[in-house]
Amino acid sequence: MSMPNRLFFSTTHAGSAEMTSPAGPRRRRASGAPLQIGPRNVGAVRRSQLITTYGVGSMIAIDNESFIVTGIDSWNIADAQVIREHRLAAALDVNSFRLPPTPESTPGADGVRVRRFPDYYSCPKCRTLQPFRRFNSSRGGAQCGECEVDLVTSRFVLACDHGHLDDFPYWKWVHRGNQHAGGHCGGKLSLHSDGSTASLRSIVVRCSCGVPEVSMEGAFRAQVLRDLRIQCEGRSPWLNGATQVICSRLPRVMQRGSSSVWHPVVHSALTIPPWSEGINRLIEDNHLGEASEENIRWFFQHWPAKLRGTTIEKVLSVVRHLQESAAAIPASALAPPFAEIRRQEYRSLTEGNPEDPQLMDQTFVCEPAGSDNAVLRTQGVVSVMLVKRLREVRALAAFVRGATPLEEDHGQRQAPLKVDDSIDWLPAVEVSGEGVFLRLDTDLLRLWCSQSAVLQRSSQIRDNHLRLLRERTTGQDDRLVQSPVTPRFLLLHTLAHILINEWSLDGGYPASALRERLYVDNEMAGLLIYTATSDSAGSLGGLVAQGEPERLAQSLRSALERAEWCSNDPLCMEARSSGTDNLNLAACHACVLLPETSCERNNTLLDRAMVVGDLGFFSGSFADE
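Per chain, residues are indexed from 1 in the order of the written sequence. Note on the predicted model: pLDDT of at least 70 is required for a residue's local features to be given, and 80 or more for side-chain atom pairs to be given and counted; whole-chain, interface and lining totals, by contrast, use all residues. By convention in this description, side-chain values take in all heavy atoms of the structure and omit both hydrogens and water.

**Remarks on the confidence of the model for the protein chain**
Okay, step 1: Values of pLDDT, which run from 0 to 100, indicate the predictor's confidence residue by residue. In the predicted model, the protein chain carries a mean pLDDT of 83, and the fraction of residues at 70 or more is 85%.
Okay, step 2: Of all helices and strands in the protein chain, the one with the weakest mean pLDDT is strand S1 (residues 6-11) (53), whereas strand S21 (residues 515-520) scores best (96).
Okay, step 3: Confidence over residues 328-335 falls short of pLDDT 50; this stretch has one contact with residues more than four positions distant or in other chains.
Okay, step 4: The model gives residues 621-625 a pLDDT under 50, and that stretch makes seven contacts with residues more than four places away or in other chains. Strands here are runs of E lasting at least two residues and helices are runs of H or I lasting at least four, both read from the DSSP assignment and numbered beginning at the N terminus. The contact criterion used throughout is that any non-hydrogen atoms of two residues lie within 4.5 Å.

Given below as structure tokens:
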């Protein structure tokens, strides 16, 4: 029986790649004979990994082979489940989302497709270095046709900041500076490694034409590629039928398995009222939001049981209201769609949504803590909400290569997931869980943020962030470059990290299982710490218990006391810059940094001094205790 949370890859012969398929005993084909091509199952990954780890455009190693996940327009989605999340779909300009398909593990099963990449392989016995199709490999594997040993995939690829990907130009590398710079020498390449060191100097490329051998030393230097006039060819091997484009970006050499080769751009949204229940949920589940009155009446005449106690007229009234509201919103108001998603969630988390025993499929339950939270008000926390049930949809919108993506990055760095513009869906997963929502006193925050010393310290991170954004948005209007960094943002973000570290010790959750969701602007000052899994049993009450006022006050006190000291102090607290691209101040792995899965900002925009210490918001919270 196949596992429902796994899926199987099938190969495709897109572009110039020639794929293999499994069958029968090994046999060699005659030179010049066409290679038999057919789909085959080559491996399996979890559904969630197709959003976060092995999504479209990423490379995956399976045994001694390497494949790249192709675009969503090549996936077989005939049986893929549709996921509805109206607000997120509108923000990403799609109609719906789909779970990655999970075909049965039978020969020829089709689902998510991959193609062979990189194309260059080497034989560890005869040392030949050439494209895979020239090895005359048997079907269903990657072996040298002459030596009958497993081939080795090329370790190096070329990538640029606009997402293009290509094989490393071994021929140009070994023939640099000779008369064959623009043509073919007629020789054969070979790859050698003496194994004496782990450096690139021990990896040598040779050509039988007689040119001097060249090691791979210096291949990762951008200036070396520039001097050799190696340019980005504008290739997108993960997109079937994509045309080669002109790209002005200088490529860089990367290790095939490097984490910088592929970074997902994932957007998410919580399912909140009114979209999460009642008539709105009925409309969402049955895809009636854009249907005509005639189609809606026809639908319920044939399936009256779906009305669930309401009437057709009430459904029509809600549909008209939704359609009129969407038409009345000016285009300028849709400019920051993800900011609007957060504002809507903030209102729902602040107002709450009590559990209704009559609703069997309630996906959002948010209630205030049962006891008085006066003890927390003295610490600057004005409200605590226990989110006993939540549903989150996480969608893969694009990906980038090279530098880690920032939320404020311009879209020019994002590589597409498809060629066919008519496709109106994106791959996504839905998870269920629970959490605790905290809201800080905005009056105290305004008073604290107005201090000149606090503003001056936060401006150091803000200036570094703006400088980085301008470097990444060359040719764009500087007015489009905006940074969210304020004292309020740094405070809430660092506080979330401190609480996650504390609850991972006190509540039994590993830090990687907890996530933050920040709600910060001139009016919002809240944070949600939650845990969520693809299993429907994601809500077990362990995290919600941490939100009870007495227990939360104790854990908050303990967390702040722990944050006052770092094993790297005084260097950590007095640091003028730290972290990736100098986007942190007092923050290191010994105090507030978290696993990558827990932080919305890739462990950047953090400063422990905003929480504790002489300038910290909580510096006087426990003075009278």
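Back to the text.
**Observations concerning the sheet that holds strand S8 (residues 120-122)**
Okay, step 1: One requirement defines pairing of two strands: DSSP has to find at least two bridges between them. Sheet architecture is open: three strands sit in the order S9-S8-S10, paired in antiparallel fashion. The sheet is open, and its two borders are formed by strand S9 (129-131) and strand S10 (152-153), each paired with just one other strand.
Okay, step 2: The sheet contact formed by S8 and S9 spans three bridges and is antiparallel. Considered in S9, the bridge of tyrosine 121 is made with glutamine 130.

**A closer look at the packing of aromatic side chains**
Okay, step 1: A pair of aromatic rings is counted whenever rings of Phe, Tyr or Trp (Trp by its six-membered ring) have centres within 6.5 Å, and the orientation is called stacked for planes under 30 degrees apart, edge-to-face for over 60 and tilted otherwise. Here the structure, examined in full by the defined rule, presents 17 aromatic pairs.
Okay, step 2: Ring geometry for tyrosine 120 against tyrosine 170: centres 5.7 Å apart, planes inclined by 45 degrees, an arrangement best described as tilted. Of the two residues, tyrosine 120 is situated in strand S8 and tyrosine 170 in helix H3 (residues 170-174); the sequence distance between them amounts to 50 residues. With respect to class, tyrosine 120 is no different from tyrosine 170; both count as buried.
Okay, step 3: With centroids separated by 5.0 Å and ring planes inclined at 85 degrees, the aromatic side chains of phenylalanine 617 and phenylalanine 618 adopt a geometry described as edge-to-face. Exposure class is identical for phenylalanine 617 and phenylalanine 618. Each is buried. To sort residues, take the accessible area from a 1.4 Å probe on protein chains only and compare it with the maximum for the residue type: under 20% means buried, over 50% means exposed, and anything in between is partly exposed.

**Let's talk about the pairing of strand S7 (residues 112-116)**
Okay, step 1: Burial runs high along S7: four of the five residues are buried.
Okay, step 2: As paired elements, strand S4 (residues 65-69) and S7 share three bridges and run antiparallel to each other. Its bridge partner lying in S7, phenylalanine 67 is registered against arginine 116.

**A word on the nonpolar core**
As a rule of thumb, soluble globular proteins bury nonpolar side chains together.
Okay, step 1: Here, the term nonpolar core denotes a set of buried Ala, Val, Leu, Ile, Met, Phe, Trp, Tyr and Cys residues that are joined through side-chain atoms within 4.5 Å. In terms of nonpolar packing, the biggest core is built from 61 residues, with Val384, Leu440, Trp448, Leu491, Leu527 and Phe618 touching the most fellow members.
Okay, step 2: Counting residues per element, the ones that place at least two in this core are strand S19 (381-400), strand S20 (425-440), helix H10 (442-449), helix H11 (452-472), helix H12 (487-506), strand S22 (525-533) and helix H13 (549-563).
Okay, step 3: The dominant element in this core, judged by the number of residues it contributes, is H12, at ten residues.
Okay, step 4: When neighbours within four sequence positions are excluded, tryptophan 448 is seen to be in contact with Val454, Pro487, Arg488, Leu491, Met610, Leu615, Gly616 and Phe617.
Okay, step 5: Counting 45 residues, the second-largest nonpolar core is a separate cluster that includes Leu88, Trp262, Ala415 and Ala428.

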